[in-house]
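Survey of secondary and tertiary structure
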Amino acid sequence: MEMEPARPSAKKMKLAASSVLKAANDPNPPTTTEISEEQLPGADEDGKEEMLDRISNLPDAVLGEIISLLPTREGARTQALASRWRHLWRAAPLNVDYRRLPGHRDRQDVLVGVILSAHQGPGRRLCLPAPRLQYRADAADAWFRSPALDNLQELDLYLAYIDTLRFPQLRKLALVAVEISECSPHSIITKGCPVLECLLLNTCFGIRRLQINSPTLISIGIHSSSDQLIIDNGPSLQRLVHFGLHMEMQVTVVSAPKLETLGYVSEYFGQSKIVFGSTVIQVILTTMVCTVKILAINLYMFDLDMVVDLMRCFPRLEKFYIKLEKSGETRLWRSKHRDLLGSLDIRLKTLVLGCYQGIQPQVNLATFIVSNAIMLESIRLEVEPCNYNECFFTEQHRRLQMEKRACKDARLCFTRNCPQDALTVVPLCRLDLTDPFACGC
């Protein structure tokens, strides 16, 4: 969006920047209560009225949401843009990321306290790394008691040990490198955070069996050493993402009637499996799961039998992501596959083949989808840099018989292999997307 010619003066911008750095550069940092309002990040002195730009004409609520998406320092500095913006940061949803604050740790502690004591708006996000909660428990306790965090919606915690949390309005929670007791997750979900919608457990310890029973959880992401994840009752659950496929885990879904996004399914470990009622998602599937629309799988080698079985199990698939870890193949295209798939009502709109090399099973699968998926919108082939050239593109277009595609609007796209794979834990902000597997790079 273009801005009008009016711009903040250099003096104002300089004042905004110096106010943030003042506490960090003072050899004798004051305590939280000793810092005056003028030392707040982005605090501005009274000045002449500035000409309003187009963005400034937006309602306060919209501008507040924009400010809340900025890093802490930049959000506070918007107070220096013009008199129109002077009050917005203090009333906007608060976004505090400890790691982005300037100065050493003690000075960062001071700045967090100052920000929380001065902010009038609701708390949207608080991100705190492990060392401050471990070694400055007194400061952390004061932060969490601040009225600015009464309605906190998103909390990112990087800590070593935790047992219980109490945030009745919290909607998003990421626990990273956490040591937690067996019963704590249930207590946190049902009592501590009763309206929680998004939960990410990344490298958590102490949980062998994780049982989920929540009427509010919409998204769950897990990357931990747990042996078993059981979704006893998830009436609102729409996304279940399991990272770290080199960890053996059994995922059991007893009840999740709204589940639409699932991944990653893998055959890497023989003991890893996902169970829907009586349906075991491992190698052989006999029962259909009709709610899932987005599925991501990770294969050590291309296994056509597994791909076919998954398409049978999830007949309502709209997006299908297939990642390969190693070149080669374990199954050949046989007539039984062609006959079997021919009886399916294929509703695929998007097929993504990661690590595409043009081996025959990949070509056969893609060609079949092209020829039979009447709702197909695109096939994306992720290739190695050595194959990212017009010659390779033209050859694959010919081999996939795109001129015979069932849907004339279907497109064949090529991209370089995405570094994001089944072991890449997506951040909390992406976990609640409808499609968390979409390339974010």
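Preceding this section is the structure that the text describes.
Counting of residues starts from 1 at the beginning of each chain's written sequence and follows it residue by residue. The model is predicted, so local features are restricted to residues of pLDDT at least 70 and side-chain atom pairs to those at 80 or more, both for listing and for counting; the totals for chains, interfaces and linings are taken over all residues. As a rule here, side-chain values come from all non-hydrogen atoms in the structure, and water together with hydrogens is ignored.

**Structural notes on the environment of R77**
Runs of H or I in DSSP of at least four residues are treated as helices and runs of E of at least two as strands, each being numbered from the N terminus. Here R77 lies in helix α3 (residues 72-77). Through-space distance from the C-alpha of R77 to that of W89 is 8.4 Å; in sequence the pair is 12 residues apart.

**Things to note about the nonpolar core**
Only buried residues count toward a nonpolar core. Its members are Ala, Val, Leu, Ile, Met, Phe, Trp, Tyr and Cys residues joined through side-chain atoms within 4.5 Å. A 1.4 Å probe rolled over the protein chains alone gives each residue an accessible area, and that area as a share of the maximum for its type sets the label: buried under 20%, exposed over 50%, partly exposed in between. With 97 residues, the main nonpolar core has L295 and F320 as its most contacted residues. It is helix α9 (residues 304-313) that contributes the most residues to this core, 7 residues altogether. In this analysis, two residues are considered to be in contact whenever any of their non-hydrogen atoms come within 4.5 Å of each other. Apart from residues lying up to four places away in sequence, L295 is in contact with L262, V265, L310, F314, L317, K319, F320 and Y321. F243, I294, L428 and L431 belong to the second-largest nonpolar core, a separate cluster that totals 13 residues.

**A closer look at the pairing of strand β5 (residues 198-202)**
Among the 5 residues of β5, 5 are classified as buried, and the element is accordingly described as predominantly covered. The alternating pattern of β5 places C198, L200 and N202 on one face and L199 and L201 on the opposite face, and all of these are buried. For the segment spanning strand β4 (residues 172-176), helix α8 (residues 184-192) and β5, crossover handedness is right-handed. A pair of strands is considered paired only if DSSP assigns at least 2 bridges between the two. Two elements, β5 and strand β7 (residues 219-223), share 5 bridges in a ladder whose sense is parallel. If you follow N202 over to β7, its bridge partner there is H223. Here a crossover is taken to be right-handed if, once the strands point away from the viewer, the path from the first strand over the helix to the second is traced clockwise.

**A few points about the side chain of Q396**
With respect to the secondary-structure elements, Q396 resides in helix α12 (residues 390-399). At 2.6 Å, the side chain of Q396 and the side chain of Y356 are in polar contact. Excluding anything up to four places from it in sequence, Q396 contacts Y356, G358, V363, L412 and F414. Polar contact is the term for a pair of N or O atoms within 3.5 Å; when the atoms are in protein, one must be able to donate a hydrogen and the other to accept it, and sequence-neighboring residues count only if both atoms are side-chain atoms.

**Remarks on the packing of aromatic side chains**
Centre distance within 6.5 Å is the pairing criterion for rings of Phe, Tyr and Trp, where only the six-membered ring of Trp is used; planes under 30 degrees apart are then read as stacked, over 60 as edge-to-face, and the remainder as tilted. If you walk through the whole model with that rule in mind, you get 6 aromatic pairs. Relative to W143, the ring of Y98 lies with its centre 6.1 Å away and its plane at 50°, an arrangement referred to as tilted. One end of the pair, Y98, is in the loop between β1 (94-97) and α5 (105-118); the other, W143, is in helix α7 (residues 137-144), with 45 residues separating them in the sequence. Ring geometry for Y388 against F393: centres 5.2 Å apart, planes inclined by 80°, an arrangement best described as edge-to-face. The exposure class assigned to Y388 is partly exposed, which follows from its relative accessible area of 31%.

**Let's talk about the environment of L70**
Mapped onto the elements, L70 comes out in the loop between α2 (60-68) and α3. By relative accessible area, which is 30% here, L70 ends up partly exposed. Spatially, the C-alpha atom of L70 lies 9.6 Å from that of V96, the residues being 26 residues apart in sequence.

**With respect to the pattern of salt bridges**
Every case where a carboxyl oxygen of Asp or Glu lies within 4 Å of a side-chain nitrogen of Lys or Arg is listed as a salt bridge. Overall, the coordinates contain 12 salt bridges when judged by the stated rule. A salt bridge links R124 to E154, with the shortest nitrogen-to-oxygen separation between them at 3.7 Å. Pair noted here: R124 is in strand β2 (residues 123-128) and E154 is in strand β3 (residues 154-158), with a separation of 30 residues, a long-range link. On the basis of relative accessibility, which here comes to 17%, the residue R124 falls in the buried class. With relative accessibility at 6%, the residue E154 sits in the buried group. Across the pair D432 and K172 runs a salt bridge whose closest N-O atoms are separated by 2.8 Å. In this pair, D432 is assigned in the segment after α13 (428-431) and K172 in strand β4, connecting sequence segments 260 residues apart. Using a relative accessible area of 25% as the deciding quantity, one classes D432 as partly exposed. Relative accessible area serves as the criterion here: at 22%, K172 is assigned to the partly exposed category. Look at the salt bridges and you will find they share partners, linking D97, R124, R125 and E154 into a network.

**What about the pairing of strand β18 (residues 411-416)?**
Of the pairings in the sheet, the one linking strand β17 (residues 378-383) to β18 comprises 6 bridges and is parallel in character. The partner of I379 across the bridge, within β18, is L412. Read from β17 through α12 to β18, the crossover connection turns out right-handed.

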